[in-house]
Amino acid sequence: MEYIAEVSRERVRYRRSGYGASQPVESPNGSTDAFYIKIDKHYGSSDHVTYMQHGIPAVMFITWPDMWYHSSQDTPDKQDPTQYKRAAAVGTGALVALSSGTDEMAARILSENIGRGLARMGESHTKGLGYMADATSEAALTDGYKEARIAILHQAEVEKGVVNSASILWTNTGNGKQKTAAFAPLIDQRASVLLNEVKAAYQLQAAQRGVPAQDVAMTAEEREAANLIVESAGGGRGGGGGGRGANTGPSVPEEMNAELTILLGKHKTALEIRNFLSGEFTPLPLADLMAVLHAREAAGTLKLVPKTGN
């Protein structure tokens, strides 16, 4: 995607060689518009989730924003053949990489995962530092520190999953698993360094504000949530990929609904679910999630099972 975006538009650094795309990817009947792209995080509310729920990795290609989306005005005359051609080039390139079946390609993709994972962890780090910088009280500063830690630890787990997913690209998948597993402790080391930086930033913020820096400790509510396993009352996966939900009553923010629906069927604790949503998105008050879980338990769609009762 980045390659097609770069070669099909003007770049100021190449202006001495003449203006225009270095390698135009355009349709004779299409526009010469730029290919503006964003490779974004997982979004769990579309048709690709159906594949993911059965263990098949999937991505979603979408043009957004789209003023004609889901309307009677979504007709062929709104489409740009140039952008279709570029999307086809991206899709074909991805299929070539996945179908090449060589260990060399597997190692290249693993390396790409590792490098891009560093950038994603950097984003989570920046997000956490912002929570502390924006705090307006001592309590908010401490909460921001906890949320910064959650964001980094969450992303580290995501990156270990991303690296592990490359194992299936090796000709011998068992060998692939061994090769990818070697990077898990290195990702943990990476997270540890970021956590140390977050701690130092917290101590600096506290000193500047004249308040004590406190050690991270679980609250009574967090200990209780850590002891409750969320089980689907029907024994299923916990819902599909629609994300809009038919539940009434308390709810989490709209952008979290799809992920929450998936997490409810994963036998996680209430605290694990809360930390996942906070790490993936923005801080979610534990009380808000517990209100949702208790309401759904009362409605009979899930059960909160104490760990000691398993």
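Cut-off values and rules
Residues numbered from 1 in each chain as written. Predicted model: local features only at pLDDT ≥ 70, side-chain atom pairs only at ≥ 80, totals over all residues. Heavy atoms only, no water. Helix = DSSP H or I, 4+ residues; strand = E, 2+ residues; numbered from the N terminus. Axes fitted to C-alpha atoms, helices over the stretch in contact; angles between N-to-C directions. Parallel < 35°, antiparallel > 145°, perpendicular 65-115°, else oblique. Contact = heavy atoms within 4.5 Å. Nonpolar A, V, L, I, M, F, W, Y, C, P; charged D, E, K, R; others polar. Buried < 20%, exposed > 50% of the residue type's maximum accessible area, 1.4 Å probe, protein only. Polar contact = N/O pair within 3.5 Å; in protein donor to acceptor, adjacent residues only side chain to side chain. Left-handed = near helix turned anticlockwise from the far one by under 90°. Salt bridge = Lys/Arg side-chain N within 4 Å of Asp/Glu carboxyl O. Core = buried A, V, L, I, M, F, W, Y, C linked by side-chain atoms within 4.5 Å.

Draft legend 1. Structural detail: the environment of Gln208. Tracing the backbone shows Gln208 in helix H7 (residues 184-209). Considered as a pair, Gln208 and Pro285 are 77 residues apart in the sequence and their alpha carbons are 26 Å apart.

Draft legend 2. Layout of the packing of helix H5 (residues 138-165) against helix H10 (residues 270-280). Here H5 crosses H10 at 90°, and the two axes come no closer than 8 Å. Of the possible angle classes, the one that applies to H5 and H10 is roughly perpendicular. Listed contacts from H10 to Glu147, Ile150, Ala151, His154 and Val158 of H5 are Arg274, Asn275, Phe276, Ser278, Gly279 and Glu280. Its residues placed into classes, the contact of H5 with H10 shows four nonpolar, four polar and three charged.

Draft legend 3. Local environment of the environment of Arg274. With respect to the element layout, Arg274 can be found in helix H10. Note on Arg274: relative accessible area 7%, which makes it buried. Excluding anything up to four places from it in sequence, Arg274 contacts Glu147, Ile150, Leu284, Pro285, Leu286 and Leu289. A polar contact of 2.7 Å, which involves the side chain of Arg274, links it to the backbone oxygen of Leu284.

Draft legend 4. Expanded view of the environment of Val211. Note that Val211 resides in the loop between H7 and helix H8 (220-226). Separated by 60 residues in sequence, Val211 and Ala151 place their C-alpha atoms 24 Å apart. With residues near it in sequence (within four places) discarded, Val211 still touches Glu138, Leu141 and Ala206.

Draft legend 5. Seen up close, the packing of helix H4 (residues 103-133) against H7. At a closest axis distance of 10 Å, the pairing of H4 and H7 adopts a crossing angle of 20°. In terms of axis orientation, H4 runs roughly parallel to H7. Crossing of H4 against H7: the hand is right-handed. Here Ile114, Gly117, Leu118, Met121, His125, Leu129, Met132 and Ala133 of H4 lie close against H7, whose contacting residues are Ile187, Arg190, Ala191, Leu194, Glu197, Val198, Ala201, Tyr202, Gln205 and Arg209. A class-by-class count of the residues in the contact of H4 with H7 yields 12 nonpolar, three polar and three charged.

Draft legend 6. Layout of the pattern of salt bridges. Taken as a whole and judged by the stated rule, the model has nine salt bridges. Its salt-bridge partner being Lys146, residue Glu222 comes within 3.1 Å of it at the nearest N-O pair. Taken as a pair, Glu222 in helix H8 and Lys146 in helix H5 lie far apart in primary sequence, 76 residues in all. By the burial criterion, Glu222 is buried, and Lys146 matches it.

Draft legend 7. How the structure looks around the nonpolar core. Met121, Met132, Leu141, Ile152 and Val198 are the most contacted members of the largest nonpolar core, which has 22 residues in total. Where this core is concerned, the elements lending two or more residues are H4, H5 and H7. In terms of residue count, H7 provides more of this core than any other element does, seven residues in total. Setting aside residues up to four positions removed in sequence, Met132 forms contacts with Leu141, Gly144, Tyr145, Val198, Ala201, Tyr202, Gln205 and Arg209.

Draft legend 8. Seen up close, unusual backbone geometry. Cis geometry marks the peptide bond from Trp64 to Pro65; its omega dihedral reads 0°. One non-glycine residue, His70, adopts positive backbone phi at about 55°. Residue classification places His70 among the exposed residues on the basis of a relative accessible area of 64%. For His267, which is not glycine, the phi torsion reads 60° and is therefore positive. Positionally, His267 belongs in the loop between helix H9 (257-263) and H10. Its relative accessible area of 52% is what places His267 among the exposed residues.

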